[in-house]
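If you want the building blocks of each chain, they are given just below.
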Amino acid sequence: MKSIKVLFFIAISIALLAGICYIYPKEGVNVGSLNVHFPTLTKILNPQRELDVQAFLAKQDSLEAVMKTKQDSLNHYRHQLDSSEIRFWFPSDDDSFFDHLFAQMEQAKSSGRIIRILHYGDSQIESDRMSRRLRSYMQQHFGGGGPGLVPISTLIPTLAVSTYGTGSLVRQSPFGDSTVVRAGGNYGPMIQDFRVTGSASSTISAATHHSCDNRLRRFSQFKLIFNNRPGPLSVHFADRKGSYTNDQTCEEEGVHVMSWKLDSATTSINLSVNGTADIYGIMVDDGPGVAVDNIPMRGCSGTQFTQINRDQLTSAYSFMDIGLIILQFGGNSVPYINGDKSIDAYCNRMGEQIDRVHSCCPQAKILFIGPSDMSTNINGELTSYPALSKLVQKLQATANAHGAAYWSIYHAMGGHQSMVAWVNQGLSGPDYIHFTTKGVDIMGDRLAKAFDNMYNVYKLRKETLSE
């Protein structure tokens, strides 16, 4: 009898709770200054299943395991082009978009060139995150080494290289904690520069972290890029052992480059500068081959490119032999986008940035990488930002309309509500925005894999034409 009463009590309780779920207003009930919510019946009866991230990522491996013939390969890569989570979206669906870039990179060694990939982004790429995995892939396949373009003084530690500047250096930039923001927009290709007035020095040393690719630790070719002010600029260059030194002087105003090339690679160099100039950065390479330049812009929405002096940026790019420019932005704007008008406004501004970059570097391909999934607390529940999916879709259309390819971190990690799963499985941090080291390495590898898919399509296309 007691068991029947307990069962009856439980049944009545469930029925009452179900009734409350059914009739309770979705917008909640205001009690004083509080807004009280109750889960809907749909959420209780149909709870959302969490994404199994490892199983999601493993789908790629299961597809590759069945490739045995050329037809298998063609079928596989056609799937990657059309429907894979790591696919690119191209203007006019042109899957030959990267062909010229691949051809240049294949010939870089024989032609003695260093083809540069500039990777701009917000804090998701800070400390060489994502860039280092892409760099490792590119240099493994096409040659090259070194960390690429670095500032004369680093404010934020990075795994790629150690850069320590001293002396009369004043950072100038339209973002971050710069000492000076310049109305003229003379910031250079790193969207920042260091004004030297007098004497300054910089020591650039190879990365020591165990996770770094060995190709990252070797330097043999160097280019200091700067905008000279009135008066001469003199530069003293020395390698780690002091076995190679070289002094150069620039008398003319404007954007210039000084170059040095060692017979054998070193792991550390020192620069001493004297004069008045805006130092844009130094390209630290071990070519020929491919260089991937990590250019993080913490807190930025990606709309700073139209704030840069067009002529000076064009001049700086002309010294750099750029094959690809990656713009990875959107995450910092997601929390403030709440409707179609704000989505359109942001995407229109990003279209202007793509146009500006392309006008300054018309020979380079442009790839826009959109934001990841991001979670916010709505009615006591962590969920994707409501406008995020539509923003990703509109960014893709905007990038393509302005002649850029598009790659989606949002899709590559699993889409709507995937960030919660990535956090729960240790691949993203507790802010539900940034990846952990393990998670960002996975995402960097997914980007590299997307390029590898396209490179294989390019090679298969060449083989087909030659048959």
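Owing to the predicted nature of the structure, the values given are computational and were not obtained by experimental measurement. (Residues numbered from 1 in each chain as written. Predicted model: local features only at pLDDT ≥ 70, side-chain atom pairs only at ≥ 80, totals over all residues. Heavy atoms only, no water.)

1. Notes on the overall build of the protein
So, step 1. Along its length, the protein carries 13 helices and 18 strands.
So, step 2. The buried share of the protein, taken over its 467 residues, is 51%.
So, step 3. Expressed as a percentage of contacts within the protein between residues at least 6 apart in sequence, the contacts between residues at least 24 apart total 76%.
So, step 4. Carbon together with sulfur atoms contributes 53% to the accessible area of the protein, which is approximately 21300 Å² in total. (Helix = DSSP H or I, 4+ residues; strand = E, 2+ residues; numbered from the N terminus. Buried < 20%, exposed > 50% of the residue type's maximum accessible area, 1.4 Å probe, protein only. Contact = heavy atoms within 4.5 Å. Areas by Shrake-Rupley, 256 points an atom, 1.4 Å probe, with all protein chains shown as cover.)

2. Regarding the pairing of strand β14 (residues 322–328)
Residues in a regular strand project their side chains so that they alternate between the two faces of the sheet.
So, step 1. Burial within β14 is extensive, with seven of its seven residues counted as buried.
So, step 2. In this sheet, β14 lies alongside strand β4 (residues 114–121) in parallel orientation, the contact comprising six bridges. Across the sheet, Leu118 pairs through a bridge with Ile325, a residue of β14.
So, step 3. Of the strand pairs in this sheet, β14 and strand β15 (residues 365–370) are connected by five bridges, and their pairing is parallel. By the bridge assignment for β15, Leu324 is matched with Lys365.
So, step 4. Traced from β14 through helix α9 (residues 340–360) to β15, the parallel crossover comes out right-handed. (Pairing = 2+ DSSP bridges. Right-handed = clockwise from strand over helix to strand, strands pointing away.)

3. Some thoughts on the nonpolar core
So, step 1. Phe98, Met138, Leu367, Trp407 and Phe451 are the most contacted members of the largest nonpolar core, which totals 53 residues.
So, step 2. Looking at which element gives the most residues to this core, the answer is helix α13 (residues 437–466), with twelve residues.
So, step 3. Of all hydrophobic cores here, the second largest spans 49 residues; its members include Tyr120, Phe175, Met297 and Ala399. (Core = buried A, V, L, I, M, F, W, Y, C linked by side-chain atoms within 4.5 Å.)

4. Things to note about the pairing of strand β12 (residues 268–285)
So, step 1. Burial analysis of β12 places 14 of its 18 residues in the buried class, which makes it a mostly covered element.
So, step 2. Bridging between strand β5 (residues 148–150) and β12 involves three bridges; their strand directions are antiparallel. Residue pairing in the sheet places Val150 in a bridge with Ile282 of β12.
So, step 3. Looking at chain direction, strand β7 (residues 193–206) and β12 are connected through twelve bridges and run antiparallel. Note that in β12 the partner of Gly198 across the bridge is Gly275.
So, step 4. Relative to β12, strand β8 (residues 219–228) runs antiparallel, the two being bridged by eight bridges. Along β12, the bridge assignment pairs Gln221 with Asp285.
So, step 5. Relative to β12, strand β9 (residues 233–239) runs antiparallel, the two being bridged by six bridges.

5. Remarks on the state of the cysteines
So, step 1. Under the counting rule described, the total for this entry stands at zero disulfides.
So, step 2. Free of any disulfide, Cys360 has its nearest neighbouring cysteine sulfur in Cys361, separated by 8.3 Å.
So, step 3. For Cys360, a relative accessible area of 3% corresponds to the buried category. (Disulfide = S-S within 2.5 Å.)

6. Some details on the packing of aromatic side chains
So, step 1. Enumeration over the complete set of coordinates arrives at 21 aromatic pairs.
So, step 2. Site record: aromatic cluster; members linked through ring pairs are Phe88, Phe90, Phe97, Phe98, Phe102, Phe142, Phe451, Tyr455 and Tyr458.
So, step 3. Positioned above the aromatic ring of Phe175 is the side chain of Arg171, whose terminal nitrogen or guanidinium carbon lies 5.1 Å from the ring centre.
So, step 4. The residue whose ring lies beneath Lys365 is Phe97, and the NZ or CZ to ring-centre distance is 4.4 Å. (Phe/Tyr/Trp six-rings, centres within 6.5 Å; stacked < 30°, edge-to-face > 60°. Lys NZ or Arg CZ within 6 Å of the ring centre and 35° of its normal.)

7. Observations regarding the sheet that holds strand β13 (residues 289–296)
For sheets, the rule is that strands pair by backbone hydrogen bonds, running either parallel or antiparallel.
So, step 1. Spatially, β3-β18-β15-β14-β4-β13 is the arrangement adopted by the six strands of the open sheet, whose pairing is mixed. This sheet does not close on itself; its edge strands, each paired only once, are β3 (88–89) and β13.
So, step 2. Strand direction decides the pairing type here: β15 and strand β18 (residues 405–408), joined by four bridges, are parallel. Pairing of Leu367 across the sheet is with Ala405, part of β18.
So, step 3. The strands touched by helix α5 (residues 99–106) are β4, β13 and β14; relative to β4, the strand with the most contacts, the crossing angle is about 130 degrees. (Axes fitted to C-alpha atoms, helices over the stretch in contact; angles between N-to-C directions.)

8. Considerations on helix α10 (residues 388–401)
So, step 1. The end-to-end C-alpha distance of α10 is 20 Å, a good match for the 20 Å that 14 residues give at a rise of 1.5 Å each.
So, step 2. Turning to α10, its buried residues are Leu388, Leu391, Val392, Leu395, Gln396, Thr398, Ala399 and Asn400.
So, step 3. In this structure, the buried side of α10 is in contact with β3, α9, β15, β18 and α11 (409–412).
So, step 4. Positive phi shows up at Gly403, right after α10, with a value of about 85 degrees. (Expected span 1.5 Å × (residues − 1).)

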